[in-house]
Amino acid sequence: MRIAPTGLLSIVCAFGLQACHVRPPVAQFDDIPVPDGLELIEDEQSHSVQWVDAKFRHGQFRYEGRRSATEVEAFLLDRMPTFGWRLLGQESADESGNPVSILRFRRPQDNATCYVEDVGDEYTNLKITVTTVTDAPSTQANR
């Protein structure tokens, strides 16, 4: 019988070795478009996380790659509406000396905030936070 390395690691971790810390993979949400050329960052410092249950979802996803911030911003403004997102607002900020464009979107049940950071040389960091709106009306009819 052959055990794949990840399966072996899971078995070893199940027996309580304290040095073992396996972080589950983060999967981006299907209704959040991401431009080609940006990669999801899943290391410990990126804080890309997700939590989903029957009534609530929260995700914070960090991407980076060789695309200009202008291209990434234009992509999000163009593509988010095709997934049912409505632009609520757009603003600019400065973070650590780098210009950041902040795009806020809404769907009936969710909010999404996209932080597009221009780090120079056609290189961009993108952070997308998605959270269920707790005061949103239920999609089920009251009986």
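Above this text you will find the structure in question.
Note that the coordinates shown come from a computational prediction; the quantities given were computed from them, not determined experimentally.

*Asks:* Just to check I follow, could you spell out the overall build of the protein for this structure?
*Replies:* Within the protein one finds 2 helices and 7 strands. Seen in sequence order, the protein has helices and strands lined up from the N terminus as α-β-β-β-α-β-β-β-β. Looking at the protein as a whole, 31% of its 143 residues qualify as buried. Across the protein, the fraction of contacts at a sequence separation of at least 24, relative to all contacts at a separation of at least 6, is 48%. Accessible area of the protein: about 9,600 Å², with a carbon and sulfur share of 51%.

*Asks:* How should I be thinking about the pattern of salt bridges in this particular structure?
*Replies:* Close approach of charged atoms allows side chains with opposite charge to pair. Applying the stated criterion to the full structure yields 6 salt bridges. Among the ionic pairs, R67 bridges to E71, the shortest N-O distance being 3.2 Å. The exposure class of R67 is partly exposed, given its relative accessible area of 23%. Given the relative accessible area of 37%, E71 is considered partly exposed. A salt bridge links E91 to R104, with the nearest nitrogen and oxygen atoms 3.4 Å apart. With a gap of 13 residues between them, E91 in strand β4 (residues 86–95) and R104 in strand β5 (residues 98–106) connect regions that are remote in the sequence.

*Asks:* Help me understand the environment of M80 in this model?
*Replies:* Summarising the element assignment, M80 is placed in the loop between α2 (69–79) and β4. Between the C-alpha atoms of M80 and D31, which are 49 residues apart in sequence, the distance is 8.2 Å.

*Asks:* Is there a simple way to explain the side chain of T124 in this structure?
*Replies:* Structurally, the position occupied by T124 is in strand β7 (residues 123–132). Residue T124 is classed as buried on the basis of its relative accessible area of 0%. From its side chain, T124 meets the backbone nitrogen of A69 in a polar contact 3.0 Å long. Excluding anything up to four places from it in sequence, T124 contacts L38, Y63, E64, G65, R67, S68, A69, V72, V116, E117 and V119.

*Asks:* Is there a simple way to explain the pairing of β4 in this structure?
*Replies:* Look at any regular strand and the pattern is simple: side chains alternate between the two faces of the sheet. The pairing of β4 with β5 spans 9 bridges and is classified as antiparallel. When the sheet's bridge partners are listed, L87 is paired in β5 with F105. Connecting β4 to the next strand, β5, in antiparallel fashion are 2 residues, including S96 with a positive phi near 55°.

*Asks:* Sorry if this is basic, but what is going on with the packing of aromatic side chains here?
*Replies:* Geometry of an aromatic ring pair is reported as the spacing of the ring centres plus the angle between the planes. Summed over the entire model, instances satisfying the criterion amount to 1 aromatic pair. Considering the side-chain rings of F29 and F61, the 5.1 Å spacing of their centres and the 85° angle between planes classify their relative orientation as edge-to-face. Remark: F61 occurs in strand β3 (residues 57–65) and F29 occurs in the loop between α1 (5–14) and β1 (38–40); sequence separation between them is 32 residues. You'll find F29 and F61 in the same group, each marked buried. Directly above the aromatic system of W85 lies the positively charged group of R107, at a separation of 4.8 Å from the ring centroid. Geometry around Y115 places K127 over its ring, the cationic atom sitting 4.6 Å from the centre.

Rules used throughout
Residues numbered from 1 in each chain as written. Predicted model: local features only at pLDDT ≥ 70, side-chain atom pairs only at ≥ 80, totals over all residues. Heavy atoms only, no water. Helix = DSSP H or I, 4+ residues; strand = E, 2+ residues; numbered from the N terminus. Buried < 20%, exposed > 50% of the residue type's maximum accessible area, 1.4 Å probe, protein only. Contact = heavy atoms within 4.5 Å. Areas by Shrake-Rupley, 256 points an atom, 1.4 Å probe, with all protein chains shown as cover. Salt bridge = Lys/Arg side-chain N within 4 Å of Asp/Glu carboxyl O. Polar contact = N/O pair within 3.5 Å; in protein donor to acceptor, adjacent residues only side chain to side chain. Pairing = 2+ DSSP bridges. Phe/Tyr/Trp six-rings, centres within 6.5 Å; stacked < 30°, edge-to-face > 60°. Lys NZ or Arg CZ within 6 Å of the ring centre and 35° of its normal.

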